[in-house]
Amino acid sequence: MVKTFDFIFAAHRDESFMKQLKEAVSSDVDVEICTDIMRLHFDSKNKVVIVRPFSETSAFHCKVVPAEITYHALLKMLANEWEGIDYHNGIEWL
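Since this is a predicted model, take the numbers as computed values, not measurements. (Residues numbered from 1 in each chain as written. Predicted model: local features only at pLDDT ≥ 70, side-chain atom pairs only at ≥ 80, totals over all residues. Heavy atoms only, no water.)

(A) Representation of the packing of helix α1 (residues 6-13) against helix α2 (residues 15-26) within the structure. One can describe the packing of α1 onto α2 by two numbers: an axis separation of 5 Å at closest approach and a directional angle of 120 degrees. In this view, α1 runs oblique relative to α2, as classed from their interaxial angle. Here α1 runs over α2; the crossing is left-handed. Between α1 and α2, the contacting residues are Phe-7, Ala-10, Ala-11, His-12 and Arg-13 on the first element and Glu-15, Phe-17, Met-18 and Leu-21 on the second. Of the residues assigned to the contact of α1 with α2, the class counts are six nonpolar, one polar and two charged. (Axes fitted to C-alpha atoms, helices over the stretch in contact; angles between N-to-C directions. Helix = DSSP H or I, 4+ residues; strand = E, 2+ residues; numbered from the N terminus. Parallel < 35°, antiparallel > 145°, perpendicular 65-115°, else oblique. Left-handed = near helix turned anticlockwise from the far one by under 90°. Contact = heavy atoms within 4.5 Å. Nonpolar A, V, L, I, M, F, W, Y, C, P; charged D, E, K, R; others polar.)

(B) Seen up close, the pattern of salt bridges. Evaluated as defined, the whole model comprises four salt bridges. Between Lys-3 and Asp-6 there is a salt bridge, and its shortest N-O distance comes to 3.2 Å. Using a relative accessible area of 27% as the deciding quantity, one classes Asp-6 as partly exposed. One salt bridge connects Glu-23 with Lys-19, and the closest N-O pair in it is separated by 3.9 Å. Taken together, the positions of Glu-23 and Lys-19, both in helix α2 and four residues apart, correspond to about one turn of that helix. By relative accessible area, Glu-23 is classed as partly exposed at 45%. (Salt bridge = Lys/Arg side-chain N within 4 Å of Asp/Glu carboxyl O. Buried < 20%, exposed > 50% of the residue type's maximum accessible area, 1.4 Å probe, protein only.)

This is how it looks when you write it as structure tokens:
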């Protein structure tokens, strides 16, 4: 099972993690947030978050498929508005 979007569901369960993600999106500088299985790199210039495995040797590295998600699509996911996401322009598999 692919775990690329598991951080979204974790944010729905953890208010402080949700706040951390939203602050990263609103920041004017690049931010990196690490979970136990992935790295989230917030690119403030391009307004995208790049999701990658935590490391090439981490337990779930093969389950985290690298992806680039626009801030707009990410905010829709965080608001649980999945139907409002343009999957052709909002998410790109790397």
